[in-house]
Amino acid sequence: MPITEHAGAKLWQRRTTGRQFAIWFGWLLGVALFLYCWKQISDVTTWYFFWDAPRIAGDIGGRMVPPRWSYIDKLWVPLWDTLNIATLGTALAIVMAVPVAFMAARNTTPSATLIRPIALLIIVSSRSINSLIWALLLVSIIGPGILAGTIAIGLRSIGFIAKLLYEAIEEIDKNQVEAISATGASRWQGMAYGIMPQIAPAFAGITVFRWDINIRESTVLGLVGAGGIGLQLQSSLNVLAWPQVTLILITILIAVLFSEWVSAKVRHAII
Amino acid sequence: MSDTGFDAQDLARRWRPPPLIASARLRWLLGLGAAIYFALAIGTLEVNWLRIYEGLDRGWAFVIAFTDPDFSTRWIDIRDGLIESLVMTVTSTVIGIAISIPIAFGAARNIAPLPVYLLCRAIIAVSRSLQEIIIAIFFVAIFGFGPLAGVLTLSFATIGFLSKLLAEDIEDIDKGQAEAVRATGARWLQLMNYGIQPQVMPRLIGLSLYRLDINFRESAVVGLVGAGGIGATLNTAFDRYEFDTAAAILISIIGIVMIAEYSSGLIRARVQ
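Keep in mind the model is a prediction, meaning the values are calculated, not measured.

**Notes on the overall build of chain B**
Part 1 of the argument: Each helix and strand in chain B was counted, giving 11 helices and 0 strands.
Part 2 of the argument: Listing the helices and strands of chain B from first to last along the sequence gives α-α-α-α-α-α-α-α-α-α-α.
Part 3 of the argument: Taking 2.2 N^0.38 as the reference for a compact globule, 272 residues should give roughly 19 Å; the C-alpha atoms of chain B span a radius of gyration of 27 Å, well beyond that estimate.
Part 4 of the argument: Classification of the 272 residues of chain B by burial places 40% in the buried group.
Part 5 of the argument: The contacts in chain B between residues at least 6 apart in sequence include a share of 71% that link residues at least 24 apart.

Here it is, written out as structure tokens:
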């Protein structure tokens, strides 16, 4: 503990002078970095538009109310598509994520030096790229439509499900697996009877949680042409039909709240 | 053994693992419902096999492009886009944290009065329920094209994330320490500074680093609607079917995210 003599009295300080300087210097660097970044942003910004923003916001706000309620008739099918994209995408992700999770978990991977890094790379790639970018990619490969959205959601969800699942696999009770293999069970039987029952609740929870996120994400996939209610949002925005935009946003909000409610209920029932 | 009526082999053969859902009727009903739903849902997919067949070449070209990404042709665009994304990430995370901290204090039930609590919780709920991309569309419409709209979008999204998790951490603090500080006659600000802030600091640093990571990933997306960053470059690359350039951008994003995750893991391990 640094203590200095100060006019005859001993003075306690929390840090040594050197450390205090190091921290101060760290803050200086941080602030300098922030100011530099802010300068970069500021240089390419037309500040006139910024100061004009409240008026524009008021203008758009004024155009957005009241919502065009009659437009709801055209939203039922896209809403159904959105639900399908999220659900089928989650199902697709599960099929791909479970093997990846088993390959990535330290205690079940066939080879820690070769296969585990590949599985981890799959997980990080899937997680780093947003579903909108996956959708953009798939739309340019297989054309616009629900299928592109479904596969995009599927690819995006692999990382999330596999990561949480392999962490759950690594935390299992080893004794149960050993007990199963002591009966002469094969590797697959050990997985089915020793590991699966232990991770089933976590797995169900993760799946429902991801489904909830996927509903949220699939509502905007249409912005890049991958189907769902986002298509309607995009076309309404393109023709500046603000009352329709309001109604679509309300619909999306209700869908998101509904999926959150469902997922909370199901997780509550499982865990 | 037959006189005891106990046949171990027979029992073992008839044993089945206990099902996840105990009620047989509910189990069958759920299974049937799921089957019907999936049949209906897959029916709506409208798969255009011809289009997919044509797309296979392009998909394969993309996979090939990943093994041979083209950084050089559009190097200037990629570099500028990535730098802009990074700049947006830093700015929006700092602004987001600066706004989140007061809101987090307001949203913690144990230190905030009820009206403040409700207001802050409402702000968090709004920020969390709106998708980044939708906010970005509105901010672009309001503030004009460019990275400022992106920065504001990401800052706004940061508020919902950081305030909520930080508020939960503040609600979980050890009350004894705060009371001890209060007992010395500390004012409200001193109580926050010495009684509460040290307890939540490790979590705040961890969350901030995590959010920095998320903001970088999201900054690649907001560019799709004109809010700056690497997204615009990526979108153009896809539109022109320049898969090798797109692959280069995606590899850069993945690489930066991996570096960020690894280094934030190191820092978090040190502070926690």
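**Considering the domain arrangement of chain A**
In many reports, interface size means the accessible area that the parts give up when they come together.
Part 1 of the argument: If you check the domain split of chain A, you get domain 1 (1-40) and domain 2 (78-270).
Part 2 of the argument: Summarising the inter-unit geometry, the C-alpha centres of domain 1 of chain A and domain 2 of chain A are found 46 Å apart.

**Quick word on the environment of E170 of chain A**
All names here are of chain A.
Part 1 of the argument: Structurally, E170 is set in helix α6 (residues 146-170).
Part 2 of the argument: With 13 C-beta atoms packed within 10 Å, E170 lands in the partly exposed category.
Part 3 of the argument: Put simply, E170 and F102 are 68 residues apart on the chain and 9.4 Å apart in space, counted from C-alpha to C-alpha.
Part 4 of the argument: In contact with E170, not counting residues within four places along its chain, are A105, R106 and N107.

**Considering the pairing of strand β1 (residues 3-6) of chain A**
Two faces make up the sheet, and in a regular strand the side chains alternate between them.
Residues and elements named next belong to chain A.
Part 1 of the argument: Where β1 lies against strand β2 (residues 9-12), 4 bridges are found, and the strand directions are antiparallel. Among the inter-strand pairings, T4 is bridged to a residue of β2, identified as L11.
Part 2 of the argument: Linking β1 back to β2 in an antiparallel pair, the connection comprises 2 residues, with A7 at a positive phi of about 50°.

**Quick look at the interface of chain A and chain B**
Part 1 of the argument: Opposite the 46 residues of chain A that make contact, chain B presents 46 residues.
Part 2 of the argument: Secondary structure elements with two or more residues in the side of chain A that touches chain B: α1 (17-43), α2 (47-64), α3 (76-104), α4 (115-128), α5 (131-142), α6, α8 (187-218) and α10 (242-270) of chain A.
Part 3 of the argument: For the side of chain A that touches chain B, the element with the highest residue contribution is α5 of chain A, accounting for 7 residues.

**A closer look at the nonpolar core**
One broad trend across soluble globular proteins is that nonpolar side chains are buried collectively.
Residues and elements named next belong to chain A.
Part 1 of the argument: Residues A135, L138 and L165 are the most contacted members of the largest nonpolar core, which totals 125 residues.
Part 2 of the argument: Per-element tally for this core: the top contributor is α6, with 14 residues.
Part 3 of the argument: The residues contacting L165, other than those within four sequence positions of it, are A97, V98, A101, I199, F203 and I206.

**Considering the packing of α3 of chain A against α6 of chain A**
Residue and element names in this part refer to chain A.
Part 1 of the argument: With their axes 5 Å apart at the nearest point, α3 and α6 run at an angle of 40° to one another. Comparing their axes, α6 and α3 come out oblique. Considering the relative orientation of α3 and α6, their crossing is right-handed.
Part 2 of the argument: Here the residues of the contact of α3 with α6 are counted per class, giving 22 nonpolar, 7 polar and 1 charged.

**Considerations on the packing of helix α4 (residues 75-106) of chain B against helix α10 (residues 230-239) of chain B**
Residue and element names in this part refer to chain B.
Part 1 of the argument: Close contact between α4 and α10 brings their axes to 7 Å; oriented N to C, the two are set at 145°. On α10, the residues that touch D77, I78, G81, L82 and S85 of α4 are I230, A232 and T233.
Part 2 of the argument: Class assignment for the residues of the contact of α4 with α10 results in 4 nonpolar, 3 polar and 1 charged.

The rules behind the values
- Residues numbered from 1 in each chain as written.
- Chains lettered and ligands numbered in written order.
- Predicted model: local features only at pLDDT ≥ 70, side-chain atom pairs only at ≥ 80, totals over all residues.
- Helix = DSSP H or I, 4+ residues; strand = E, 2+ residues; numbered from the N terminus.
- Rg over C-alpha atoms; globule rule 2.2 N^0.38 Å.
- Buried ≥ 20, exposed ≤ 12 C-beta atoms within 10 Å, placed from the backbone.
- Contact = placed C-beta atoms within 7 Å.
- Domains from an automatic or database assignment.
- Pairing = 2+ DSSP bridges.
- Core = buried A, V, L, I, M, F, W, Y, C linked by C-beta atoms within 7 Å.
- Axes fitted to C-alpha atoms, helices over the stretch in contact; angles between N-to-C directions.
- Parallel < 35°, antiparallel > 145°, perpendicular 65-115°, else oblique.
- Left-handed = near helix turned anticlockwise from the far one by under 90°.
- Nonpolar A, V, L, I, M, F, W, Y, C, P; charged D, E, K, R; others polar.

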